[in-house]
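# Observations on the model geometry
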Amino acid sequence: MLAENYKAKIVQYIRKIDYNERLNIARKYNYNLHKAPSEIFILDFYNCPNALSEEQYSALLRGDEAYAGSENFINILNNVKEIFKKNFVIPVHNLRGAEHLILKVFEGDFISNNPTDTFKILCSYFNRKILNEGSGVFYFTIENEFEKFLEIKRKKGFKILNASNIFSQIVFWKIEGKLNGNLKDLVYEMTKDFDIIILSADADLIAHVGALIVLNDENYYRQISEWLVSFEGLHTYGGLSGRDMELIAVSLNQVLDENYWHYRYYEIKNLYNNVQNLGYNVRDFNSEGFYIDIENGIGFNLALFLSGQIRVKAYDNKVFLRIPKRVYFREHYDYFLKVLSYLKNKNYPNFKKLFETKFYEVEI
């Protein structure tokens, strides 16, 4: 693996806990480690926040808390115009907030290739259908397969794109020989055919909170803004403080540096290959991480915690490793591989969901 292309300037100490304390913690949360606080894990591949750069931390001190005409909002708007060449941007609290506003403005059913969990919940609440094809508003997410994304890009109709991973995905395609050219130009080329673009700040923007709705249609901009005022405040505030908006404005500049995305590709790819070499069934390598097919993923997650103080996102028959950005070094991954190797031929508890809910964090 290439050396990390950054220097750590802030150190977070990890509290190592013995087996009995780990077991007591697991019992406290009814063996649902998704509920446990992130600070107790040596490695957290479920809900670990991204690490901020020194410029992003500085941005948190430059917050303009004006309700209207915030300087930080104007900085976001200028950067959005530069990258996406669209005239309007609406900052909101998170991806769920952006999807909520979309459902408030657009009536009828939606056609989606891979709807987010939150969008499924919201559509169910508003009694909307999510279809694979037919008539309705298109709401797409970035496809890892280049040809599939081009098919989406060519579709006729009103199209909304969840482009939260567009920067990393384009660089991944470049490394794989699918695209050539300047990253900023390619981002515009890949997104220009979509009427609305949604960017979740906790993805490629490498922030902790916030999302952006980017569009060119003034009519829809005003409609969405009117709902936003009802939910979260004035349209230039968007449920975000000035310091959070300035952080995102800085992020919109930093995401155009391809060096990190090149490192990111090999960071995930090397871990993917090493896990596969241990004999695990891995699949769906993407810009956020990858899946391991494992019988009884919930029990396996508990075994990871008891053996190595590690957490992943667990399903019934698989786990997902969501790799945070700019957080872990090669030694962290070596430690994870040692724990995986130790568990390869071990038995672990067989857990089933105790009850069903639509919110994944509390469903075990």
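First things first, this report covers the structure right here in the doc. (Residues numbered from 1 in each chain as written. Predicted model: local features only at pLDDT ≥ 70, side-chain atom pairs only at ≥ 80, totals over all residues. Heavy atoms only, no water.)

## Section: the overall build of the protein chain
- From N to C terminus, the protein chain includes 13 helices and 12 strands.
- C-alpha extents for the protein chain along the principal axes are approximately 60 × 45 × 40 Å.
- Looking at the protein chain residue by residue over its 364 residues, the buried ones come to 51%.
- Intrachain contacts of the protein chain at a sequence separation of at least 6 include 70% that bridge at least 24 residues.
- Total accessible area on the protein chain is roughly 17300 Å²; 46% of this is exposed by carbon and sulfur atoms. (Helix = DSSP H or I, 4+ residues; strand = E, 2+ residues; numbered from the N terminus. Buried < 20%, exposed > 50% of the residue type's maximum accessible area, 1.4 Å probe, protein only. Contact = heavy atoms within 4.5 Å. Areas by Shrake-Rupley, 256 points an atom, 1.4 Å probe, with all protein chains shown as cover.)

## A few points about the sheet that holds strand β9 (residues 281–283)
- Spatially, five strands are ordered β1-β11-β12-β10-β9 in an open sheet, and the strand pairing comes out mixed. Every interior strand has two partners, whereas the edge strands, β1 (43–45) and β9, have only one. Averaged over neighbouring strand pairs, the angle between their axes works out to 30° when direction is ignored.
- Bridge count between strand β11 (residues 310–314) and strand β12 (residues 318–322): two bridges; the pairing is antiparallel. Among the inter-strand pairings, Ala314 is bridged to a residue of β12, identified as Val319.
- Packed onto the sheet, helix α11 (residues 258–277) meets β9, β10 (289–293) and β12 and runs at close to 15° relative to β10. (Pairing = 2+ DSSP bridges. Axes fitted to C-alpha atoms, helices over the stretch in contact; angles between N-to-C directions.)

## Considering the pattern of salt bridges
- Applying the stated criterion across every chain, the model contains 16 salt bridges.
- Across the pair Glu21 and Arg15 runs a salt bridge whose closest N-O atoms are separated by 3.1 Å.
- For Glu21, a relative accessible area of 31% translates into the label partly exposed.
- The shortest N-O distance in the salt bridge between Arg322 and Glu288 comes to 3.3 Å. Placement of the pair is Arg322 in strand β12 and Glu288 in the loop between β9 and β10, with a sequence separation of 34 residues.
- Taken together, the salt bridges that share partners define one network made up of Arg283, Asp284 and Asp293. (Salt bridge = Lys/Arg side-chain N within 4 Å of Asp/Glu carboxyl O.)

## Points about the packing of aromatic side chains
- The full count for this structure, using the stated rule, is 31 aromatic pairs.
- Considering the side-chain rings of Phe138 and Phe140, the 5.2 Å spacing of their centres and the 25° angle between planes classify their relative orientation as stacked.
- Assessed through its relative accessible area of 3%, Phe140 is described here as buried.
- The interplanar angle of 65° and the centroid separation of 5.2 Å between the aromatic rings of Phe158 and Tyr220 together place this pair among those described as edge-to-face. A residue pair is termed long-range when its members are at least 10 positions apart, and Phe158 in the loop between α6 (146–154) and β6 (159–162) and Tyr220 in helix α9 (residues 218–231) qualify at 62 residues.
- Its relative accessible area of 21% is what places Tyr220 among the partly exposed residues. (Phe/Tyr/Trp six-rings, centres within 6.5 Å; stacked < 30°, edge-to-face > 60°.)

## A short note on the side chain of Lys153
- Secondary-structure assignment places Lys153 in helix α6.
- When near neighbours in sequence (up to four residues on either side) are disregarded, Lys153 contacts Lys159, Glu189, Met190, Asp193 and Phe194.

## What about the nonpolar core?
- Within the largest apolar cluster, 49 residues are counted, with the highest numbers of intra-cluster contacts made by Ile76, Phe84, Phe167, Ile170, Leu205 and Leu212.
- Beyond its immediate stretch of four places on either side in the chain, Ile170 contacts Leu179, Leu183, Leu186, Val187 and Met190.
- In terms of nonpolar packing, the next biggest core, distinct from the first, is built from 33 residues, Phe290, Leu304, Tyr333 and Leu340 among them. (Core = buried A, V, L, I, M, F, W, Y, C linked by side-chain atoms within 4.5 Å.)

## A few points about the environment of Glu246
- Its location among the elements puts Glu246 in helix α10 (residues 242–254).
- Judged by relative accessible area, Glu246 falls into the buried class, the value being 7%.
- What Glu246 contacts, discounting residues up to four positions off in sequence, is Ala59, Arg62, Asn72 and Asn75.
- A distance of 2.9 Å separates a polar atom in the side chain of Glu246 from a polar atom in the side chain of Asn75. (Polar contact = N/O pair within 3.5 Å; in protein donor to acceptor, adjacent residues only side chain to side chain.)

## Points about the packing of helix α3 (residues 71–84) against helix α8 (residues 183–191)
- Viewed as axis vectors pointing N to C, α3 and α8 meet at an angle of 80°, and their least axial separation amounts to 8 Å. When the axes of α3 and α8 are compared, the pair comes out roughly perpendicular. The residues of α8 that touch α3, namely those facing Glu82, Ile83 and Phe84, are Lys184, Val187, Tyr188 and Thr191.
- Its residues assigned to classes, the contact of α3 with α8 comprises four nonpolar, one polar and two charged. (Parallel < 35°, antiparallel > 145°, perpendicular 65-115°, else oblique. Nonpolar A, V, L, I, M, F, W, Y, C, P; charged D, E, K, R; others polar.)

## A short note on the environment of Asn180
- Within the element layout of this structure, Asn180 appears in the loop between α7 (166–175) and α8.
- Considered as a pair, Asn180 and Lys28 are 152 residues apart in the sequence and their alpha carbons are 52 Å apart.

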